[in-house]
Amino acid sequence: MGRVSKFLIFAAIMGLMIFAIIMRLDHIGQRPIHHDESLHALYGKYFHDSPKTQYYKYDPLLHGPLLYHLIPYAYHIGGQSLESGRIISVICGLLLLLTPFFFRRLFSPFALWALVLYGALSPTLIYWSRFLREDMLIIFCMTLLLIGVTLIQKPLWKILSIAIAIGLIFCTKENYFITFVLLFIYLMVEFVFLVLTNSHRSSLLSKLLLFLRHNWGFSLLGVALCALIISYFYSAGFQYPQGIKDFISARGFQYWIGQHHHERLTGPFSFNFLLLSWYEFPIAFLWLFLICYFFVQFPLAMSITTFISMSMALTTYLLSRHFGDINQWVGTYLKLKANLDFPVFFGSLCMGLTGTLYFLGHNKRSHAFFFYFACSTFFAYSYAGEKVPWLSLYPFVASLAFFAVWSRDFNLNFNFLSSTTTFLLVLITGAMIGTQAALSYYVNFSKAGAQEELLSQVHTTPQYEDILIALRRETMLREKPMHILLYRENAWPGAWFLYGLPEVAYTTNDTLKSSYDVVLTSYKDPEFRNLGYQEYNVPFRWWWVPDYEQMGPKEFLQYLFQRTPWNSTGIMSITIYYKEDVKSVLGI
């Protein structure tokens, strides 16, 4: 490769990264804070301000300790702000964009650049790269694990890199249970399939066991390093031994199994299918194209698979609609709640098994691995009891990897394509990328955190944020600070905005009720009016929960192209009780 070619490639990479950085950093603090973000940001602030006394004590609700150890560093560098906290996700998202270059031997040049460009402007990746959560962090740690397993050759460095990656994954988020269970299932399926074809020695499981046997000393060192990382973070730098006990006792697993059954944030099995269809339409289009491709490659097997899966879906649907006990069982244990759930559940299950075996049978191990993880993560996170939009990240990223690998089968070489074919390919790719770029701007800038966006789900309103910021500023400027009561639902995210002000209270009694200058409460309380307070209502949180029973093709396409919900959005308002001299501060 000549110097000019190397320079052009370097310039293209730098151009894409600059574009990605702008899309992720521009107005990063503009979007209203999410409830979960306020928890992460404030617990990180506790740790930053008092690392010896207010360190993070592991709580499965708040996930693993790694994020809370990183946030203080972000605050130290950029100041205590939501923008600084979100930078952690930005960095992980940008590093994730670079990982395809490490695996470029798996992709055609066209697929490599299409993958990086699509990732740079993906609405989903940009959205969660500007969001203070653990998901971009753990996905980045998973890519480190993949790099350690596949690219590092020297046994000692391979084992140490794997140990570090696994340790960080364990310290980030409890969905590592799902990831490693799915990995174990793949290893067993591949091993059994290859045993039946008399080539089991080439299976990943056989290679793994052989590697560990030849490098047992290094492996023990790796286990010790992984245990050290886990112990350090869960004990907050060896200050909190109970955190290590909680990890060993699988407290997080027990908690989230309970949440799975409790279904605190319920929704249909097809929730992730709808999210990916509405926000990552090109990926949904590629899955449809893949199904058609499978029908061409092995029509009999696909016909049988389709017949079996749709027959199971139809039978289950009819039984659940005619028998109340079966309907309850299907909803509780299979998580099938909407009509669309039945074909998505059985179709994804059968499709995942058929496609994985097809690629294994054709000795396409990379194809089989990424295809399996795209299907299995889609099924697992669709089955999970809590339906939250960030879980769609996992099947989305796995799908991107699979389609980039699968593109090699088409051997795209523009030198041998006709001018018409090349033009159509570039036109379709450009149209899809351009559409996604427009959608990215709409979701992340024009309508950031808007109530009609399913991706947003329960964001705080800008009006509420403005009032809290104004109250904090006024309290710090006054010689005699205002006394504020954050009552009931307002503790989060109100505590984030007013943290550190001693005049802020979160509970009260009848004696103290008249002593506050401002009271923010989620319920109307006539007693405050009787005490002489003025009353003002302000929207607090908003959301859109689709009415899945009313959704048909028309409603689906209407939201896809017009972003228009077919049923009303939800809103929660709060009541502000204030004294007359505070009216100007509230902007009333």
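Here's what I pulled together on the structure shown here. (Residues numbered from 1 in each chain as written. Predicted model: local features only at pLDDT ≥ 70, side-chain atom pairs only at ≥ 80, totals over all residues. Heavy atoms only, no water.)

A look at unusual backbone geometry
(1) Moving on: One non-glycine residue, F238, adopts positive backbone phi at about 65 degrees.
(2) Moving on: Structurally, F238 can be placed in the loop between α11 (216-234) and α12 (241-248).
(3) Moving on: Looking at F238, the relative accessible area reads 51%, which means it is exposed.
(4) Moving on: Unlike most non-glycine residues, A250 shows phi in positive territory, near 55 degrees.
(5) Moving on: Of the residues examined, A250 reaches a relative accessible area of 22% and is grouped as partly exposed. (Helix = DSSP H or I, 4+ residues; strand = E, 2+ residues; numbered from the N terminus. Buried < 20%, exposed > 50% of the residue type's maximum accessible area, 1.4 Å probe, protein only.)

As for the pairing of strand β4 (residues 518-521)
(1) Moving on: Neither face of β4 is open: one carries V518 and L520, the other V519 and T521, and all of them are buried.
(2) Moving on: Direction of pairing for strand β2 (residues 484-487) relative to β4: parallel, over a ladder of four bridges. Following the sheet pairing, L486 is matched in β4 by L520.
(3) Moving on: Note that β4 and strand β6 (residues 570-578) share four bridges and pair antiparallel. Paired with L520 across the two strands is I576, which belongs to β6. (Pairing = 2+ DSSP bridges.)

Topic: the pairing of strand β5 (residues 534-543)
(1) Moving on: Summarising the sheet, strand β1 (residues 459-460) and β5 pair through two bridges and their orientation is antiparallel. Pairing of T460 across the sheet is with R541, part of β5.
(2) Moving on: Both β5 and β6 contribute to a ladder of nine bridges, which runs antiparallel. Bridging across to β6, Q534 finds its partner in Y578.

Quick look at the sheet that holds β1
(1) Moving on: Overall, mixed pairing links the six strands, which are arranged β1-β5-β6-β4-β2-β3 in an open sheet. The sheet is open, and its two edges are formed by β1 and β3 (504-505), each paired on a single side.
(2) Moving on: The sheet strands contacting helix α22 (residues 462-477) are β1, β2, β4, β5 and β6, and the helix crosses β5 at an angle near 130 degrees. (Contact = heavy atoms within 4.5 Å. Axes fitted to C-alpha atoms, helices over the stretch in contact; angles between N-to-C directions.)

Quick notes on helix α5 (residues 109-121)
One full turn of an α-helix is made of 3.6 residues, so residues set three or four places apart face in the same direction.
(1) Moving on: Compared with the 18 Å implied by 1.5 Å per residue over 13 residues, the 19 Å span of α5 between its first and last C-alpha is a close match.
(2) Moving on: For α5, the full list of buried residues reads A111, L112, L115, V116, Y118, G119, A120 and L121. (Expected span 1.5 Å × (residues − 1).)

Digging into the packing of helix α15 (residues 281-297) against helix α16 (residues 299-322)
A pair of packed helices is captured by two measures, namely the crossing angle of their axes and the spacing between those axes.
(1) Moving on: Running from amino to carboxyl end, α15 crosses α16 at an angle of 125 degrees, the nearest separation of the two axes being 5 Å. Relative to α16, the element α15 lies oblique. Contacts between α15 and α16 involve I291, F294, F295, V296 and Q297 on the former and, on the latter, P299, M302, S303 and T306.
(2) Moving on: When grouped by side-chain class, the residues that make up the contact of α15 with α16 number six nonpolar, three polar and no charged. (Parallel < 35°, antiparallel > 145°, perpendicular 65-115°, else oblique. Nonpolar A, V, L, I, M, F, W, Y, C, P; charged D, E, K, R; others polar.)

Overview of a nonpolar patch on the surface
(1) Moving on: A cluster of nonpolar side chains, contributed by L300, I304, F307, I308 and M312, occupies part of the molecular surface with about 510 Å² of accessible area.
(2) Moving on: Tracing the backbone shows I308 in helix α16. (Patch = residues over 30% accessible without salt bridge, like charges linked within 9 Å, V, L, I, M, F, W, Y side chains within 5 Å. Areas by Shrake-Rupley, 256 points an atom, 1.4 Å probe, with all protein chains shown as cover. Salt bridge = Lys/Arg side-chain N within 4 Å of Asp/Glu carboxyl O.)

Quick notes on the nonpolar core
(1) Moving on: Among the nonpolar cores identified, the biggest contains 148 residues, and W278, L290, F294, L471 and L520 are the most heavily contacted of them.
(2) Moving on: Ranked by residues supplied to this core, first place goes to helix α20 (residues 393-406) with eleven residues.
(3) Moving on: What W278 contacts, discounting residues up to four positions off in sequence, is L439, L454, W544, M551, F556, Y559, L560, R563 and W566.
(4) Moving on: Listed in part, the eleven residues of the second largest apolar core include V330, V344, F346 and F378. (Core = buried A, V, L, I, M, F, W, Y, C linked by side-chain atoms within 4.5 Å.)

Remarks on α15
(1) Moving on: Across its 17 residues, α15 extends 24 Å between first and last C-alpha, which sits within 8% of the 24 Å expected from 1.5 Å per residue.
(2) Moving on: Among the residues making up α15, those that are buried are P282, I283, W287, L290, Y293 and F294. One face of α15 carries all of its buried residues, which in axial projection span an arc of 140 degrees. What points out from α15, more than 90 degrees from its buried face, is the exposed set L288 and V296.
(3) Moving on: Where α15 is buried, its residues contact α5, α16, α18 (341-361), α19 (365-383), α20 and α21 (419-446). (Arc of directions from axis to C-beta.)

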